[in-house]
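Chain and residue survey
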Amino acid sequence: MLSKTGAPAKDTRFAARHIGPDDNDIRKMLATIGVPSVETLIGQTIPESIRFKGALNLPAPVSEQDALLELKTRLESNVVARSKIGQGYYGCHVPPVIQRNLFENPAWYTAYTPYQPEISQGRLEMLFNFQTLVSELTGLPIANASLLDEATAVAEAAGIAWRHHRMKRQKIAVANRLHPQSRTVLETRMAPHGVEIVDGAISEDMAAVIISWPDTLGCFDDVGEFIKQARDMDVVVIVATDPLALTLLDPPGHWGADIVIGSAQRFGVPMGFGGPHAAYIAVTEKLTRLMPGRLVGESVDTAGRPAYRLALQTREQHIRRDKATSNICTAQALLANIAAAFAIWHGPDGLQTIARHAVSMAGRFAESVTAAGYALYGATFFDTVTVHAPGKAQALCDAAEEHGYLLRFVDADHVSVAFDETSSDRDLDALCQVFGCTTIESSKSRLPNALRSQPWLTQPIFHAIRSETDMMRYLRKLADKDLALDRAMIPLGSCTMKLNAAAEMMPVSWEKVANIHPFAPDRHVEGYRAMVDDLDRWLSEITGFAKVSLQPNAGSQGEFAGLLAISKYHQSRGEDHRDICLIPSSAHGTNPASASMAGMRIVVVKCTDDGDIDLDDLKSKADQFSDNLAALMITYPSTHGVFEESVRDICDIVHAHGGQVYFDGANLNAMTGLARPCDIGADVCHMNLHKTFCIPHGGGGPGIGPIGVAEHLVPFLPGDPLNSESGAVAATRYGSASILPISWMYIRMMGAEGLKSAAETAILSANYIAKRLDDGYKVLYRGKRGRVAHECIVDTRPFKDSAGVSVEDVAKRLIDYGFHAPTMSWPVAGTLMIEPTESEPLAELDRFCDAMLSIRGEIGKIEGQEWSREDNPLVNAPHTAQGALVSEWTHDYDRQLAVAPAGADQFAFKYWPPVSRVDNVYGDRNLVCTCPPLEQLAS
Amino acid sequence: MSKVYYTEDHEWIRLEGDEAVVGITDYAQEQLGDIVFVELPESGSKVAKEDPFIVVESVKAASDVYAPVSGEILAVNEALSGEPAVINSGAEGDGWLVRMRIDDASQLENLMDADAYKASVA
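Our subject in this report is the structure included herewith. It should be emphasised that the depicted structure is a prediction, and the values quoted were computed from it without experimental measurement. (Residues numbered from 1 in each chain as written. Chains lettered and ligands numbered in written order. Predicted model: local features only at pLDDT ≥ 70, side-chain atom pairs only at ≥ 80, totals over all residues.)

Overview of helix α24 (residues 647-656) of chain A
Residues and elements named next belong to chain A. Buried within α24 we find V647, I650, C651, I653 and V654. All buried residues of α24 project into a common sector of 160 degrees when viewed along the axis, lining one side. The inward-facing, buried residues of α24 abut α23 (615-624), β19 (629-635), β20 (660-665) and α25 (677-680). After α24 finishes, the residue G658 shows a positive phi value of roughly 85 degrees. (Buried ≥ 20, exposed ≤ 12 C-beta atoms within 10 Å, placed from the backbone. Helix = DSSP H or I, 4+ residues; strand = E, 2+ residues; numbered from the N terminus. Arc of directions from axis to C-beta. Contact = placed C-beta atoms within 7 Å.)

So this is what it looks like as structure tokens:
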């Protein structure tokens, strides 16, 4: 264990601050549990047969300052050029008020996905604003709360169309030039379903046609005929667009689009060498139920107040499993919120002003080069001008680079130049000089005729805020409604809500991280590549694998990429028929959803009553499907929070039948430095950098889900999305590259000993909680020697009979005590799964245990009939200030007990939920997912 | 009184000549809780016995409904699209799901009668 006191060596101070309990605390915790040492506890928790006995070969840890300096030096060789590449990524100004009060504000970035709506109203409101913005831009009624990137959004849209046609139409047409990275990901995603992507004409056997408007070279094709044909043949029309262009143009929803997708990056989010950014998707009403991802809806609380919540969750992987609309769970909530704030800050007029600036720049550039004799590709465009320069494209790109500009090399004869919010007259002059022409001052619009003619974005929120004071306070007001890690422990099992240290976050805003185009030439991104190489090496060492791909931009993406690697491996050995994926019944819902996306057939393996994989059932299934066995997906330690003793046997059985073992690394935080997936027998494992390696959850994303693979699978890792055959799963090579520094910093500052200590303390804290809660609850699922791993499951099912109290009542009552609820009803219905992580100090663990035990006492009062089953502080939780202070008090318990059940001290730091229990049924029966426009409010 | 049959998957099917009405049982609606949406098949479509052909959703669960017999869908209960709660209030009455023509009445033979079903969920 690391010391916080005494004479700390400089290199261990970060680890000691990252880890909550100090040496004294640890002694107390060990005494409570009744074990003499941490090593004894770990010995009782992790099977001896899988223990990693060595020391991880990682660089010795350094202090925050030294790590920052080292990373800065690493990234020094990145070149920040003026990018005119476009192709889905554009320069933009991040409004400082948003950067400081939202992007860099832990109240926003340390929050979890808003599953518990009563403590998430702030970010739910902002996501609702985002959905409203997308709906207004696209002209379609239903928009979700973001997807992972534009390329996966194209694939998700194709998936909607395919499912809409009940998986019977096996072709999708690409009408015109789609961004190449989107095309690659579309191929990767549809191939496992046997869906063929074809260019050009539409026919009746097609599920969808994808129209780029504008196309990747910036040109607007006349798509009227395509739309008409698609209508006649019942082919779903998918339009890929640019949101800034849509501020001026007639929304595609008005002229025939069924689905509209794109990237909201240029709404206030830096390019960041590829991500993270929020992609958007909007659909017609008839496609609502096929929409993937999170959808925020408006409902009411028990007092009839409007309240937001996640709607229609039955579409999603955590409920629908292999029949879900997609495997997506983590999306890009933080970035969607920035985009919404950007639109609020500028308002519709301001957005149009930005758009017109780009139009004017592009128009003037077009005039200038045509005057000099160049021909243009296409007659109408928004911000991107593609110049026909026979044989000169490379020379022009080279010349531009000498002036500090990056252009898009299309082919030997064409070069594209994309303008944006940040483009200036100086840029224009410099570029004209490169092209050997004189800058022409005026230009006529080259936009297509289809311009926006109706008022739009009339919702009050997009007009209310113009001063920085108002904006700062709006962001604070929303943040104050939410419970994030900056206020209290978030004990969500399976989510690893650990500290996201400030030193880890700082590099994300550095210019050499933020302002780099994903398709910048390699010589401009040597710093990034060095950092990626470090992470590849370190994560490989931590997991024991040969190589790590950092491309998957969510854990679910990692699963998909890993399963594809397994499929390709089998194919390479002439065993294409291997398509059975064994999945334990206790698996996270993404596992079956990902296997289904990878085209595998799912066979469920039973679990025993104590939560372990049923070895006999596994053997019989592996035997039965031996000829076709592709993979087993296993979570370790298990979703029940136990290190299963038989894990090696499980891997051996699967290998003996020719299958590969996929490790779901969601729970890797319990293993760093203590055991390694590859050593245990895994062939692939994804890691959630947003769990184990400190990337904050952002209120529902971003996340990163890299995969590590054993040597034999290295050739099958996802490749460069600009190469159409690469099997890329995300739009850019390194996915959400700009947040990789967070994990780099964490590993660099923790070192081998710090990481091991983190895992040990996570296990210690979970066992401490399990021990303390033993007094009031039954703790389910323990290992052979009575220990839980890094999380524990508490049974609340008996209270349904004894007191009429549900798991939800307990979860909501925790809000009154100032806590975010643990994971509810997963993996076992009616239970709570608690994961403290290593970062929570002992005092906070105790505050949580005290709250849980106090709630148990309250349940006792209902059992003893002191309170009725219908009126007690649990069924009425959470209690709002309004309910306690303003309304007439009619309950059988007093107001202070309602709102400060932990005692009067609670008032000094009281979290007040803005709404009471939100009505889920009302919200799903009356779906509202955008703000009403002004006209509707007035009527 | 027309005869009603039950499946292990909690569907009921009521014979009316060579046509039949299909729904989920009262026990099933109670297990699901408040129903918020029903995805019904198209009239005129053919289904095979045990095909998942309808999805019933509550806030927390989505449940497939399997065709108790093979046949053609003649009509769907349109009222459910606006008022899915009817299934909660009358699963075995107004909350019926589809009317279908039965291909082969012998497929009914393996299903349970009311008493047997009642015993199976007791």
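Section: the sheet that holds strand β2 (residues 142-143) of chain A
All names here are of chain A. Pairing within the open sheet is mixed, and its seven strands lie in the order β2-β8-β7-β6-β5-β3-β4. The outermost strands of the open sheet, each flanked by one partner alone, are β2 and β4 (196-199). Bridging between strand β3 (residues 171-174) and strand β5 (residues 206-213) involves four bridges; their strand directions are parallel. Counterpart to K171 in the pairing with β5 is M206. Helix α8 (residues 150-164) contacts β3, β5, β6 (236-241), β7 (259-263) and β8 (279-283) of the sheet and is inclined by roughly 165 degrees relative to β7. (Pairing = 2+ DSSP bridges. Axes fitted to C-alpha atoms, helices over the stretch in contact; angles between N-to-C directions.)

Remarks on the interface of chain B and chain A
In this assembly, 10 residues from chain B lie in contact with eight residues from chain A. Here the side of chain B that touches chain A takes three residues from strand β4 (residues 35-39) of chain B, the largest share from any one element. Of the residues contributing to the side of chain B that touches chain A, the split by class is six nonpolar, no polar and four charged. (Nonpolar A, V, L, I, M, F, W, Y, C, P; charged D, E, K, R; others polar.)

Some remarks on the nonpolar core
Core analysis: the largest hydrophobic core is formed by 320 residues, its most contacted members being V209(A), I210(A), I238(A), I281(A) and A339(A). It is helix α13 (residues 333-371) of chain A that contributes the most residues to this core, 22 residues altogether. Ignoring anything within four residues of it in the chain, the contact list for I210(A) reads V154(A), I172(A), A173(A), V174(A), A175(A), L178(A), I238(A) and A240(A). By size, the runner-up hydrophobic cluster in this structure holds 33 residues, among which are I35(B), V47(B), I73(B) and I102(B). (Core = buried A, V, L, I, M, F, W, Y, C linked by C-beta atoms within 7 Å.)

A closer look at the environment of D113(B)
All names here are of chain B. Position of D113 relative to the elements: it lies in the loop between β9 (98-102) and α4 (114-121). Among the residues examined, D113 registers 11 C-beta atoms within 10 Å and is labelled exposed. Note: C-alpha distance between D113 and E78 (35 residues apart in sequence) is 28 Å.

What to know about the pairing of β19(A)
Residue and element names in this part refer to chain A. The buried count for β19 comes to seven of seven residues, which makes it a mostly enclosed element. Examined bridge by bridge, strand β17 (residues 580-584) and β19 share three bridges and lie parallel to one another. Bridging from a neighbouring strand, L582 pairs with L632 of β19. Examined bridge by bridge, β19 and β20 share five bridges and lie parallel to one another. Counted as the bridge partner of T635 is D664 from β20. With α24 bridging β19 and its parallel neighbour β20, the resulting β-α-β unit is right-handed. (Right-handed = clockwise from strand over helix to strand, strands pointing away.)

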